[in-house]
Each structure stands twice: as C-alpha cells, then as structure tokens.
Amino acid sequence: MASRFASPSARAAALLLLLVCLQLGGVASASVFGISRNNDARPSTAAAPTLRGGGRTKASLAATPVPATAKTSSTAVTEGLKNTVASGLAAACSKTILAPFDTIKTVQQHVEGGTSLGLLEAGKRIASRPKGFLNLYAGLGVAVVGSMPSVGLYFGVYSYCKKAIEPRSKACFGSERTDGKDAACSDGALRTLTIACSAAIGNTVASFSRVPYEVVKQALQTGQYPSTLQAMTSMWKEGGMRSFFPMGGVSIQMVRDIPYAIFTLLSYECIKENWVMNRSAENPSKRWLYDMIAGATAGGIGSYLTNPFDVVKTRLQTAGSSSYGGSLSSCFAAVWEEGGPMAFLRGSVPRLMHKIPANGFFFVFYEFFRRVLGAEQ
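Trainee: Hey, could you run me through the packing of aromatic side chains in this one?
Mentor: In this description, an aromatic ring pair is defined by two values, namely the gap between the centres and the angle between the planes. Following the criterion strictly, the structure yields 14 aromatic pairs and no others. Aromatic side chains Tyr268 and Phe363 sit 3.9 Å apart centroid to centroid with 20° between the ring planes, which places their arrangement in the stacked category. Within this pair, whereas Tyr268 is found in helix α9 (residues 249-282), its partner Phe363 is found in helix α13 (residues 348-373), the two being separated by 95 residues in sequence. Assessed through its relative accessible area of 2%, Tyr268 is described here as buried. Overall, Phe363 belongs to the buried group, its relative accessible area being 2%. Through successive ring pairs, a cluster of aromatic residues spans Tyr154, Phe155, Tyr158, Tyr268, Phe362, Phe363 and Tyr366.

Trainee: Would you mind showing me how to read the pattern of salt bridges here?
Mentor: Any two side chains of opposite charge can pair, so long as their charged atoms come close to each other. Tallying each qualifying case throughout the model produces 13 salt bridges. One salt bridge connects Arg177 with Asp179, and the closest N-O pair in it is separated by 2.8 Å. A salt bridge links Arg370 to Glu367, with the shortest nitrogen-to-oxygen separation between them at 3.1 Å. Taken together, the residues span about one helical turn, with Arg370 and Glu367 both in helix α13 at a distance of three residues. Accessibility classification places Arg370 together with Glu367 in one group, the buried group.

Trainee: In this structure, what is going on with helix α6 (residues 140-173)? I would like to understand it.
Mentor: The α-helix winds at 3.6 residues per turn, so residues separated by three or four positions along the chain end up facing the same way. Between its first and last C-alpha, α6 extends 46 Å over 34 residues, near the 50 Å set by a 1.5 Å rise per residue. Where α6 bends most, at Ser147, the angle is about 35°, and the proline Pro149 comes one to four residues later.

Trainee: Any chance you could explain empty space enclosed by the protein here in plain terms?
Mentor: Empty space among the atoms can be located by rolling a probe the size of a water molecule over them. The final tally for this structure, using the stated rule, is two cavities of 30 Å³ or more. Space inside the largest cavity adds up to approximately 480 Å³. What lines the largest cavity is a set of 26 residues, among which Lys95, Val151, Tyr260, Lys355 and Asn359 lie closest to the centre. Going through the elements one at a time, α3 (68-97), α4 (99-109), α6, α7 (187-221), α9 and α13 are the ones with two or more residues in the lining of the largest cavity. Lining the second largest cavity, in full, are Lys95, Ala99, Asp102, Thr103, Ala138, Gly139, Leu140, Ala143, Lys217, Gln221 and His354. Among the secondary structure elements, those contributing two or more residues to the lining of the second largest cavity are α4, α6 and α7. Examining the composition of the lining of the second largest cavity, we find that three residues originate from one element, α4, more than from any other. Tallied by class, residues from the lining of the second largest cavity come to four nonpolar, four polar and three charged.

Trainee: What exactly am I supposed to notice about the side chain of Thr306 here?
Mentor: Counting through the fold element by element, Thr306 comes out in the loop between α10 (287-305) and α11 (307-318). In terms of polar contacts, Thr306 uses its side chain to reach the backbone carbonyl oxygen of Gly302, at 2.7 Å. Leaving out residues up to four positions away in the same chain, Thr306 has contacts with Arg256, Pro259, Tyr260, Phe263 and Arg351.

Trainee: Before we go on, may I ask you to explain the nonpolar core in this structure?
Mentor: Soluble, globular proteins show a tendency: their nonpolar side chains are buried together. Grouped together as the largest cluster of nonpolar side chains are 21 residues, with contacts concentrated most on Tyr154, Phe155, Tyr158, Leu265, Phe362, Phe363 and Tyr366. Those elements that place two or more of their residues in this core are α3, α6, α7, α9, α10 and α13. Apart from the residues lying within four places of it in its own chain, the contact partners of Phe363 are Phe155, Leu265, Tyr268, Asp291 and Gly295. In terms of nonpolar packing, the next biggest core, distinct from the first, is built from 13 residues, Tyr225, Met235, Phe244 and Phe245 among them.

Trainee: So what exactly am I meant to see when it comes to α10 here?
Mentor: Counted at 1.5 Å a residue, the expected span for α10 with its 19 residues is 27 Å, and the 28 Å between its end C-alpha atoms agrees. Buried within α10 are the following residues: Arg287, Tyr290, Asp291, Ala294, Gly295, Ala296, Ala298, Gly299, Gly300, Gly302 and Ser303.

Reading the values: the criteria
Residues numbered from 1 in each chain as written. Predicted model: local features only at pLDDT ≥ 70, side-chain atom pairs only at ≥ 80, totals over all residues. Heavy atoms only, no water. Phe/Tyr/Trp six-rings, centres within 6.5 Å; stacked < 30°, edge-to-face > 60°. Helix = DSSP H or I, 4+ residues; strand = E, 2+ residues; numbered from the N terminus. Buried < 20%, exposed > 50% of the residue type's maximum accessible area, 1.4 Å probe, protein only. Salt bridge = Lys/Arg side-chain N within 4 Å of Asp/Glu carboxyl O. Expected span 1.5 Å × (residues − 1). Bend = angle between axes of the 7 residues up to and from the residue. 1 Å grid on protein atoms, 1.4 Å probe; cavity = no way out; pocket = protein on both sides within 12 Å on 5 of 7 lines; lining within 4 Å. Points joined across faces, edges and corners; volume = space filled by probe spheres on them. Nonpolar A, V, L, I, M, F, W, Y, C, P; charged D, E, K, R; others polar. Polar contact = N/O pair within 3.5 Å; in protein donor to acceptor, adjacent residues only side chain to side chain. Contact = heavy atoms within 4.5 Å. Core = buried A, V, L, I, M, F, W, Y, C linked by side-chain atoms within 4.5 Å.

Right, here's the structure in full:
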C-alpha cells in the first residue's frame, strides 16, 4: 500500500487534502467561539465597556468585530457544505437516468484480443448476457453509492476553495488591493484562475475516493462478475486492497479528471454567468432549460478533450494490476500500436452520448437542490 502513494502526485494530493481539512477544522473552531458569518468585518473605534477588574462585558464581547478573513472562511464552509449535499443528490439522479450509455462506453473501451467493438456490437454483446438488457444497468448500485460522496466531496471542496480564494486573490492582485498599487491582473482573469485552481483541488481530493467504485463498476459492466457482492469478495480474495487500487489507477484517474474538471467547470461558469443568468432573468420559468443547455455544452467540451485519458484509465482499471506494469506510458504505447491516434477516440461517441445529457441533467438537479438549500447563486 505504501508504494502506491509514493508518487509525487499522490503525495501532493494528500498534502492538499490535509491543508483543506486543517482549514475546515480551523474555521469550525472559530465558529465554536462565536464567530458569525453575518458580523461586520470593519474595525470599531468605540471603546468596549469593561467590568471591574478589567473584564469585558457580554455585550462588548458580542459586539467585537470579526476579521474579514474569518467571515469569508465561515461563508466558504457553509457554501461548501450546501454544495456537497446538492451535488451528491444531483449525481445520484443523473447516474440513474443515463447508466446504459456509460456501460456501452466501458465495453467499447475494454478491448479483448485487439478487436474494438462498434456501438451496436457493444450493445448486442451486453444484451446477450443472461440478464439481457438489464445488463445495461450493471454496476448502477455501486456507481450511485460511490458517486454521491465522491461528487459531493468534489463540489464541496470546489465551492469552498472558490469562495475562499477569489476575495483573497482580488485583495492581493486585483481591483481590491490594499497596498494602494494598481491591479496586477484583471478581476475576470483572476476569476478564471480561481475556478481552474478550485476545480483542480476539488478533483484531486475526490480522485482517491473515486477509484475503488470505478474499478468495481467497470468490472461489472464488462461482465467479469454477475453481482456487486461477488465482484467485491472475489477481487478482495484475488488481490486484497490492491485490487481496488490498481497500479496507475489513482494517477490516471487524476490525469483524466483534473483536466476534465477544469474544462467543464470553466465552460459552465462562463456560460452560466454570461448567458444563463441573463436569460433566466427575462424568463425565470425556463431556468431549468438554460441550466440543462449550459451543463450539456460544458460536459461535451470537457468529455471530448479528455477522451484519450479515459481510454487509458479504462484499460488500466479493467485489465488488472499486472497489465502494462501499471505504467501510463506503457498503456499509452499499447493503445497507439493497436490503432494509432484514432484508438484514443474509442468510446468517444457513447461517452459523449452519456456525458452530454448526464451533465445537462446533473446541473439541472444541482442548481435545483442549491436553490432548495439556499446556496448563493
């Protein structure tokens, strides 16, 4: 187990996770001592009433101004928790609706004997198994159960980081600099960098929790096991914990998911800010439609640009730890030898057929649950 986390990327991700946990713990401790998100951050010039012997009155303690950083951190944690719940529920809804496309994509990418399958061929192979078309929903249970905490953690950390980083970046480099100097960077550029960094941090933290359920789900989708319980027990007997964390599994998960998160969320935030909010202000009843279009477009962009990494990830996670020696470069080379650059587009059609509507449905549910929970828009 120790060797698996010896890579620089794994150590960096673990450090980021530790820093986020320490920050969350610090904010939680501050809230215990009475720091409120609604306190005024401006310093007060009035002298606080004192008790005999130099003590402060309860009223003066309640009126003590709270630093702006504490207020920002408290708000960031609150928004992060709301987004965690909203995204977890949204993930369960979207996974259930579009599971068949994900199954077909996995079967296409899981090449046996160097022969790739077409879309219809993959569908026929899945339907020919004992349970027929119900096999299109193979791995759905573990996908839903696994994706809720994973996606919740991802969007929770993303929202927290975005809320915490943006005001600090503006204060240091943007229009709200406190040193009297001109802005070193426009607020728009800082917002773009904030979204990209927040997406990368959120997905790095979530990648470690995402790998085990991805491995089990894909084993079920490729027909290696008839049930989730048998898959988990058999994999444990065969290789213990290593079976759920195949060599290269975490690193390729991060290599695929971090660029995907950056492309998707940058696209979504841009479309939402410049189109969705304007159109929904004119026609609020169609907000769900605008959210769906924005999410579907962003998901399509992110999915197509990262499909080569998805092909390699699927190979490493379905072929076993011994295949390719767990090496990303060896797997890339093997895929290239099989079909050249076009081999990296295998499964792109069903993946787009899955990801475009999946992101559309996800962001509809996500924005809906955010509004229900009172998250900031």
